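Working through the structure, step by step
Each chain is listed here by its residues.
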Amino acid sequence: MTSPRAASPTGTNRIPSPPSHPKSKVLVVLGTRPEAIKLAPVILQLRRMSDELETVLCVTAQHRSLLDGVLQLFELYPEFDLDLMRPGQTLTGLTSRMLGAMEPVLEAVQPDLTLVQGDTTTTYCGALASFYAGVRIAHVEAGLRTFDVASPFPEEMNRAATTQLASLHFAPTEQASENLVRAGVPRRAVHVTGNTGIDAVLHVAKRLEAGMPSGVRLPLAAGRKLIVITAHRRESFGNPFRTICNAVAELARREDVQIVWPVHPNPNIEPIVRSVLAGKPNVHLIEPLEYAAFIDLLRKAFFVITDSGGVQEEGPSLGKPVLVLRNKTERPEAISVGAVKLVGYDPERIVREATLLLEDPSEHERMSRTQSPYGDGQAGERIAAHIRDFLRAGVQNL
Ligand code: UD1
Ligand code: UDP
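Owing to the predicted nature of the structure, the values given are computational and were not obtained by experimental measurement.

**As for the packing of helix α13 (residues 347-359) against helix α14 (residues 361-368)**
Between two packed helices, what matters for the description is the angle formed by their axes and the separation of those axes. Packing of α13 against α14 brings their axes to within 5 Å, and their N-to-C directions diverge by 100°. Our classification of the angle between α13 and α14 gives roughly perpendicular. Across the interface between the two elements, L356, L357 and E359 of α13 pack against P361, E363, H364 and M367 of α14.

**Topic: the side chain of R233**
Tracing the chain through its elements places R233 in the loop between β8 (225-230) and α8 (239-251). Setting aside its immediate chain neighbours within four residues, R233 contacts P152, E155, F241, D307, S308, G309 and R326.

**Some thoughts on the packing of α8 against α13**
Packing of α8 against α13 leaves a shortest axis separation of 8 Å and a crossing angle of 35°. Taken as a pair, α8 and α13 cross one another with a handedness that is right-handed. Judged by residue contacts, T243, I244, A247, E250 and L251 of α8 engage P347, I350, V351, A354, T355 and L358 from α13. Across the contact of α8 with α13, the residue classes break down as eight nonpolar, two polar and one charged.

**Focus: α8**
Think of an α-helix as 3.6 residues a turn; residues three or four steps apart then line up on the same face. A rise of 1.5 Å per residue sets the reference length of α8, with its 13 residues, at 18 Å; its end C-alpha atoms lie 19 Å apart and thus fit the reference within 8%. Where α8 is concerned, the buried positions are P240, F241, I244, C245, A247, V248, A249 and L251. Check the buried side of α8 and you find it contacts β8, β9 (257-262), α9 (270-277), β11 (303-306) and α13.

**Looking at the state of the cysteines**
Across all of its chains, the model carries zero disulfides by this definition. With no disulfide of its own, C125 lies 11 Å from the sulfur of C58, the closest cysteine sulfur.

**Observations regarding the site of ligand 1**
Taken together, the neighbourhood of ligand 1 is formed by 24 residues, with Q62, H63, L66, R86 and E155 sitting nearest. R86 places a main-chain nitrogen or oxygen 2.8 Å from an oxygen atom of ligand 1. Side-chain polar atom of E155 to an oxygen atom of ligand 1: 2.5 Å apart, as the coordinates give it. Protein contacts shield 93% of the accessible area of ligand 1, which totals 750 Å² for the unbound molecule.

**Structural notes on the sheet that holds β9**
Strands pair in a sheet through their backbones, by hydrogen bonds, and they do so in one of two ways: parallel or antiparallel. As summarised here, the arrangement of the six strands in space is β10-β9-β8-β11-β12-β13, forming an open sheet in which the pairing is parallel. In this open sheet, the two strands that pair with only one neighbour each are β10 (283-286) and β13 (340-342). Here the average twist between neighbouring strands, direction ignored, is 20°. Of the pairings in the sheet, the one linking β11 to strand β12 (residues 322-324) comprises three bridges and is parallel in character. Bridging across to β12, T306 finds its partner in V324.

**Looking at the site of ligand 2**
Neighbouring ligand 2 are 15 residues; L289, S308, G309, G310 and E314 lie closest to it. Within the side chain of E314, an N or O atom sits 2.4 Å from an oxygen atom of ligand 2. Alone, ligand 2 offers 540 Å² of accessible surface; in the complex the protein occludes 94% of this. For the shell around ligand 2, the elements supplying multiple residues, two or more each, are α1 (33-47), α10 (291-300) and α11 (309-317).

**As for the nonpolar core**
When a protein is soluble and globular, its nonpolar side chains tend to lie buried together. The biggest cluster of nonpolar side chains holds 61 residues, and the ones touching the most others in it are V28, L30, L46, L115, I295 and I387. Core analysis: the second largest hydrophobic core is formed by 35 residues, L251, L323, V343 and L358 among them.

**Re the sheet that holds strand β3 (residues 80-81)**
A sheet is described by the order of its strands in space; here seven strands give the open sequence β3-β2-β1-β4-β5-β6-β7, paired in parallel fashion. Of all the strands in the sheet, the pair left with one neighbour each is β3 and β7 (190-192). Note: strand β4 (residues 113-117) against strand β5 (residues 136-140), five bridges, orientation parallel. Across the sheet, residue L115 finds its bridge partner in β5, namely A138.

**Focus on the environment of E79**
Within the secondary structure, E79 sits in the loop between α2 (65-73) and β3. Spatially, the C-alpha atoms of E79 and V304 are 36 Å apart, while their sequence positions differ by 225 residues. Each residue touching E79, except ones within four places of it in the same chain, is listed here: R47, T55, V56 and L57.

Cut-offs used in this document
Residues numbered from 1 in each chain as written. Chains lettered and ligands numbered in written order. Predicted model: local features only at pLDDT ≥ 70, side-chain atom pairs only at ≥ 80, totals over all residues. Heavy atoms only, no water. Axes fitted to C-alpha atoms, helices over the stretch in contact; angles between N-to-C directions. Helix = DSSP H or I, 4+ residues; strand = E, 2+ residues; numbered from the N terminus. Parallel < 35°, antiparallel > 145°, perpendicular 65-115°, else oblique. Contact = heavy atoms within 4.5 Å. Left-handed = near helix turned anticlockwise from the far one by under 90°. Nonpolar A, V, L, I, M, F, W, Y, C, P; charged D, E, K, R; others polar. Expected span 1.5 Å × (residues − 1). Buried < 20%, exposed > 50% of the residue type's maximum accessible area, 1.4 Å probe, protein only. Disulfide = S-S within 2.5 Å. Near = heavy atom within 4 Å. Polar contact = N/O pair within 3.5 Å; in protein donor to acceptor, adjacent residues only side chain to side chain. Areas by Shrake-Rupley, 256 points an atom, 1.4 Å probe, with all protein chains shown as cover. Pairing = 2+ DSSP bridges. Core = buried A, V, L, I, M, F, W, Y, C linked by side-chain atoms within 4.5 Å.

Everything listed is a geometric property; what it means functionally is a separate question.
Laid out in structure tokens, this is it:
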């Protein structure tokens, strides 16, 4: 067989010259379900720039079952899978295993930039290990703050520490950007991009509208209002969780509702939820849903009750009122526009606000008809372009 070299049109043995700009390498590190959902839109855009950038995906698998479905949905095939999840893992155990596992990955890849998202143990460890290896860091969903290190725990610390470590900060909103500037981040290092979670939800909602089967197989009763619930925050473990469950039990006494709760697999949650709610009429406790199935469920919901960060953003973008099971939120924008209310853990307050939504059509209409403050679905594209420009500018950014 003729080799390409022998087939050179000039007849000389031409050695291919290296590209004038060698490719920069971006190492993307993610570990949990929400990180995969929110980084997928960025990874897909980065991969479109493959003539200039090489994108390497490392999953810590801080989550296993919750993560794998999202990787499949967005066709993300990791180059490294650290497979770190252990049942009932502790924060210290997971952190120490993760830092140890990240070091050889950084040595093997030698990235020009590490990309992390949000505020999980993976975010913090991905950033810290990169910092120790002398690798610059870009942070997606930067600048969210409650200014209370105990809530959410440990996420407020994780994101504030990641801010200290990062060189490039992608803030979803103006308010998040101001938080970063007030924390001493130079304004030129901050870009307001919108939240990549909105890119993901709009993309999936469009596919569902176009007929993609979602896989939801629940016997949703006609004539009943669907309430979707999720909860998993560490600061609610124990009594707050019990009071949340009691409030749900109270709501379930109504004949006009149907409640669906995909229960997070964290072992601190499931036993309490089942002990209070299993067997209650109108309450379906189900396994976590695949992302597309969950978005389909949200589309059918009358309203949502949650302590999730991501669901607080998805609700308004799908026109669904959200009651947030927390006393503080790092996402105040949707409260300002009236799409979200904080209801804390007080069962009376939870039941009162839910009853208002069920019985007062004008209140339901008011909360459903707001403009999402979290973006337009183009955040991934903006972030990928900023990363490319940052890497083109080279060492000047160090
Ligand atoms: C983590 C993040 C939290 C994020 C949440 C999203 C930290 C400190 N917390 O919380 O910020 O909002 O993910 O869901 O990073 N488990 C499974 N299968 C899975 C995932 C979890 O069985 O696919 C169980 C395991 O027993 C695991 C436990 O849940 O040990 C806790 O997982 P972990 O990632 O430590 O905390 P989360 O509560 O999921
Ligand atoms: N989600 C999902 N299946 C479920 C429940 C939630 O795919 O059964 C998605 C949801 O759409 C959102 C994300 O998981 O995008 C939120 O994850 P979680 O609440 O675990 O974490 P947080 O956003 O609070 O960090």
